[in-house]
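# Tertiary structure, described
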Amino acid sequence: MFARSNKYNLFERSKVSISEIDKELKVELAVLGGLDIFTNAHVLGVANNTSKICEAMGLNHDLSKQCILGAYMHDVGKIKIPSDILQKTGALTDEEFEIMKMHTVYGYEICMRYDQFRYLAPIARYHHENLDGSGYPDGLTDKQIPEEAKLIKIADIWDALTQRRQYKEGYKASKAAEIILSDVKKGKTGSKYLYFLLLCIIDEYSVKNKGNEKELREAKEHLMDLKDLDKIYKKIYDRGYSDSLAKKLKRYELPAGYDLSANTNLLSKTNQKIETLTKVIKETHEEIAILKKRCREAKRLIKFKEEWNVRLFGRRV
Ligand SMILES: [Fe+2]
Ligand SMILES: [Fe+2]
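All residue numbers here refer to positions counted from 1 along the written sequence of the relevant chain. Here the convention is simple: chains get letters from A, ligands get numbers from 1, in the order in which they are written. Where totals are concerned, whole chains, interfaces and linings use all residues; where local detail is concerned, this predicted model gives features only for residues with pLDDT of at least 70, and gives and counts side-chain atom pairs only at 80 or more.

### Observations concerning unusual backbone geometry
Stated precisely, the cut-off is as follows: The numbering of helices and of strands both runs from the N terminus, where a helix is a DSSP run of H or I of at least 4 residues and a strand a run of E of at least 2.
Cis geometry marks the peptide bond from tyrosine 136 to proline 137, where omega comes out at 10°. Note that proline 137 resides in the loop between α7 (121-126) and α8 (147-162). Of note in the backbone geometry, glutamate 253 takes a positive phi value of approximately 45° without being a glycine. With respect to the secondary-structure elements, glutamate 253 resides in the loop between α11 (243-250) and α12 (260-300).

Take a look at the structure:
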């Protein structure tokens, strides 16, 4: 059974160490000659997103680990796709796309060949299936698609939409959520795993913004000192040194050679920093507000109560 706490608190839960899995799986994958997959930023991104979903769901360590291993293996079939298709930056032709789709079947076959990967085979095969039967390779529908494949699918799409690659900019999280929600409304994707992922991302953004707010407060305090120093230096330039001005300067324990121009320089840098931080904090607050809306929408769109009580790797959540 899954261990589930009453209150969701991401940062108190013990995390599955990605590096622990990384090492373990690298040894195992050496058998397959598929080590290149680990240099793939996409696979790492999907593993990372999967770990967020598992944490937000409160899955226990073993189950989280299985899902993250599944994320690492989801595209393992790409080992057998010709590199000119795999690395093509433009749109694939219909024929190329048909070949690309086969990575799901190849991944399934690879996993099935090894005892230690067999339970991950459904993820490799079904992570491009849609609830309405419009996905590939088998055109499965809702109930036929294993939950773990649905989970990895969200982690997979999220990475594809948000990450910056050599050939494309990533979407903002709010835009990515909007795109996935439109698929949910079309009946292609469920929204449960998106909901959990959004919970986690909102938490991350909030923590990041708290850090930025702290930095802003410090920068503002620093600015006050710099402005005070500016006044002192200007008085010195106007009226020359006096005992009281020298005493005021001494309070600041300035490094040797520090003078008006060094202070002016720092003043302008600190002003810039305050400006940038203020902008980032404002934008992040706005982004969090939109993400919260999308998160509520994702929660509303979870179809059935039963969706909360589903099977993952043959066990009940
Ligand atoms: Fe894939
Ligand atoms: Fe993928």
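### With respect to the packing of helix α2 (residues 41-57) against helix α10 (residues 192-239)
Here is the rule: Here an axis means a line fitted to C-alpha atoms, over the contact stretch when the element is a helix, while the angle between two N-to-C directions is reported on a 0 to 180 degree scale. Working rule for angles: under 35 degrees goes down as roughly parallel, over 145 as roughly antiparallel, 65 to 115 as roughly perpendicular, anything else as oblique. C-beta atoms are first placed from the backbone for all residues, and any pair lying within 7 Å is then listed as a contact. In this classification, Asp, Glu, Lys and Arg are treated as charged, Ala, Val, Leu, Ile, Met, Phe, Trp, Tyr, Cys and Pro as nonpolar, and every other residue, Gly included, as polar.
Contact geometry for α2 and α10: axes closest at 8 Å, N-to-C directions at 90°. In this view, α2 runs roughly perpendicular relative to α10, as classed from their interaxial angle. For the pair α2 and α10, the contacting residues are Asn49, Lys52, Ile53, Glu55, Ala56 and Met57 in the first and Tyr193, Phe196, Leu197, Leu199 and Cys200 in the second. When grouped by side-chain class, the residues that make up the contact of α2 with α10 number 8 nonpolar, 1 polar and 2 charged.

### Overview of the packing of α10 against α11
To keep things clear, this is the line we draw: Handedness of a crossing follows from how the near helix is turned relative to the far one, being left-handed for an anticlockwise turn of less than a right angle and right-handed for a clockwise one.
At a minimum axis separation of 10 Å, α10 and α11 run at an interaxial angle of 150°. By the angle between their directions, the pair α10 and α11 is classed as roughly antiparallel. The handedness of the crossing between α10 and α11 is left-handed. In this structure, α10 contributes Ile232, Lys235 and Ile236 to the contact, and α11 contributes Leu245, Lys248 and Leu249. By residue class, the composition of the contact of α10 with α11 is 4 nonpolar, no polar and 2 charged.

### Structural notes on the nonpolar core
The condition is simple: Linking buried Ala, Val, Leu, Ile, Met, Phe, Trp, Tyr and Cys residues through C-beta atoms within 7 Å yields a set, and such a set is a nonpolar core. Exposed residues have 12 or fewer other C-beta atoms within 10 Å of their own C-beta, buried residues have 20 or more, and partly exposed residues fall in between, where C-beta atoms are placed from the backbone.
Counting 52 residues, the largest nonpolar core has Ile53, Met73, Ile154, Leu194, Leu197 and Leu198 as the members making the most contacts within it. Counting residues per element, the ones that place at least two in this core are α2, α3 (61-73), α6 (103-113), α7, α8, α9 (173-185), α10 and α12. Broken down by element, the residue count for this core peaks at 9 residues, all from α10. Other than its neighbours up to four places away in sequence, leucine 194 contacts Ile154, Ala177, Ile180 and Ala298.

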